[in-house]
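Results of the structural survey
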Amino acid sequence: MKKWLGILVTTMLVSVLSACGSNSGSEATKSPEKGSEATSSPTSGSEGAQATGEPVEIVFQSWVTPNLTAEYYDGLIERFKAENPGIKVKRIQPPANEGSPDNYLKTLLASGDFPDVVTNATIQMFVDADALLEIPIDDEIQKINNYEAEMIDGKLYNISAIRQPQSLVFYNKKLFEQAGITETPKTWAEMEATAEKLAAKGITPLLTAGDWTAGFTFSILTSSEIYNHNRTWYADRYDEKVKFTDANWIEAAEYYNNLVRKGYFNKGALSIDYTAVEQEFLKGKGAMYPMGSWFSAAEAGAEKDFEVGVFATPTKDGTQYLLGGENAGGYAVSKNSKHPEEALKFAKFMMLDPEAHKGYLKADALFSNLKEPLKWDMSPLQTEIYNLLLNNPPMVGHLNNKVGRVPVAGIQDQYNKVAQNILLGDSDLSKLMASLDDYWNKNKQ
């Protein structure tokens with residue numbers, strides 16, 4: 001996920017807002033893949049349709065992954081077209097190998113081509129840029145559990161109704177058996193002992209990759225310990241009550257560094273990307289794969305000769321605390337859209353239409369957070385994840401997600417640099433963790 005364009009674009013945001021909006025026909029919004037278009041007759045209530053008798057067009061920024069494919073989005077757009085004549089949807093997408101669409105969207109915002117509907121963006125960033133429409137709290141929104149938690153200054157800007165545990169470790173049961181391992185680790189010490197047994201049998205204990213994956217792996221292996229004891233840590237960091245150089249963070253980083261220093265991660269990790277490391281695990285090339293719940297969707301459709309299990313990332317004393325997202329990663333609407341009514345209708349359809357919601361859950365191995373949750377046929381592995389969730393307190397985020405507050409923009413890139421430097425052999429943890437504090441101090445608003 002994480003290559004950033006730099007701070008310059010961010011500093012341009014405020015100055016260009018008056019020129020920003022949705023420019024559906026602009027060539028500046030073109031992306032690596034062509035989008036999907038759905039067109040038919042005008043819809044009532046549309047200013048553009050009423051004025052011209054022509055269909056209106058909205059631009060939708062999709063977030064394509066191995067699970068949420070271009071075909072997945074295009075199929076939903078076709079359904080929306082059939083149910084909503086008069087609305088034309090143009091789908092665009094960011095470049096591959098970025099951890100979020102934020103840089104792509106910042107560029108579009110600066111050029112005046114911000115899409116009508118966006119997904120998977122860092123909401124706080126674009127609220128700060130005055131780029132997002134406030135979502136009315138109507139009967140449809142009130143069907144979502146705890147939607148209030150995602151409000152910013154009492155206003156809602158994002159439509160989401162999912163739970164997504166992220167601090168998970170998937171493991172190859174066959175390789176565990178070969179190494180004589182009968183129980184999954186719960187503590188840091190047990191995790192190191194498990195890795196040692198696997199390595200002694202010539203098995204690669206842990207898999208990670210370059211791009212965004214290195215920072216994600218570092219975060220989920222360390223942050224559960226920190227945020228279980230302080231579930232408002234990012235808010236406290238803004239208030240200078242805590243720092244990344246505090247003793248607990250240094251200790252957590254040392255735990256991760258020990259796994260690296262002892263050779264428990266795959267050689268050449270930084271030379272492969274997320275898609276490649278997922279396939280490495282599914283081919284049996286490593287015993288443990290730290291990743292979010294979405295991996296279970298890929299696992300369900302993979303051909304392999306072993307079973308996959310899952311456990312929560314270990315903590316120092318073995319207390320389970322899953323990190324992840326609740327009502328995050330949803331759909332937001334441009335404040336400057338020329339067709340806000342149609343854009344909002346599309347955003348609601350993508351998340352709250354029963355069939356679309358159920359399809360989203362299944363495609364990305366998510367769990368419904370509606371007050372009347374929709375259910376889907378889970379694989380055995382997904383059922384294991386669900387059972388872990390049942391025994392978990394309410395989740396907070398990590399990395400670039402909310403822990404009391406959303407962190408400073410781009411912090412995930414700095415996590416990634418720290419993780420990559422450790423993988424490259426830099427063991428000066430005080431310096432590396434201080435770089436996170438330095439980045440925070442330079443970029444906080």
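How each quantity is defined
Residues numbered from 1 in each chain as written. Predicted model: local features only at pLDDT ≥ 70, side-chain atom pairs only at ≥ 80, totals over all residues. Heavy atoms only, no water. Pairing = 2+ DSSP bridges. Helix = DSSP H or I, 4+ residues; strand = E, 2+ residues; numbered from the N terminus. Buried < 20%, exposed > 50% of the residue type's maximum accessible area, 1.4 Å probe, protein only. Axes fitted to C-alpha atoms, helices over the stretch in contact; angles between N-to-C directions. Contact = heavy atoms within 4.5 Å. Salt bridge = Lys/Arg side-chain N within 4 Å of Asp/Glu carboxyl O.

As a further point, take the sheet that holds strand E4 (residues 162-165). In space, the three strands of this open sheet follow the order E8-E4-E10, with antiparallel pairing throughout. The sheet is open, and its two borders are formed by strand E8 (324-326) and strand E10 (367-368), each paired with just one other strand. Sheet topology note: the E4/E10 ladder contains two bridges and is antiparallel. Bridge pairing in E10 places Arg-163 opposite Phe-367.

This part takes up unusual backbone geometry. Unlike most non-glycine residues, Glu-240 shows phi in positive territory, near 60°. Relative to the elements of secondary structure, Glu-240 occurs in the loop between helix H9 (233-238) and helix H10 (247-261). Notably, Ala-365 is not glycine yet its phi reads approximately 55°, a positive angle. Within the secondary structure layout, Ala-365 lies in the loop between helix H14 (354-364) and E10. You can call Ala-365 buried: its relative accessible area is 1%.

Within a sheet, each strand pairs with its neighbour through backbone hydrogen bonds, oriented either parallel or antiparallel. On the basis of which strands lie adjacent, the open sheet formed by four strands has the order E2-E1-E3-E9 and mixed pairing. This sheet does not close on itself; its edge strands, each paired only once, are strand E2 (87-92) and strand E9 (331-333). Here the average twist between neighbouring strands, direction ignored, is 25°. Bridging between strand E1 (residues 56-61) and E2 involves six bridges; their strand directions are parallel. Bridged to Val-56 within E2 is Ile-87. Helix H3 (residues 70-83) contacts E1, E2 and E9 of the sheet and is inclined by roughly 170° relative to E2.

With that settled, the discussion passes to the pattern of salt bridges. All chains considered together, the criterion is met by 20 salt bridges. Its salt-bridge partner being Glu-83, residue Arg-79 comes within 2.9 Å of it at the nearest N-O pair. One end of the pair, Arg-79, and the other, Glu-83, are both in helix H3, four residues apart, so they sit about a helical turn from each other. The structure contains a network of salt bridges with shared partners spanning Arg-237, Glu-240, Asp-437 and Lys-444.

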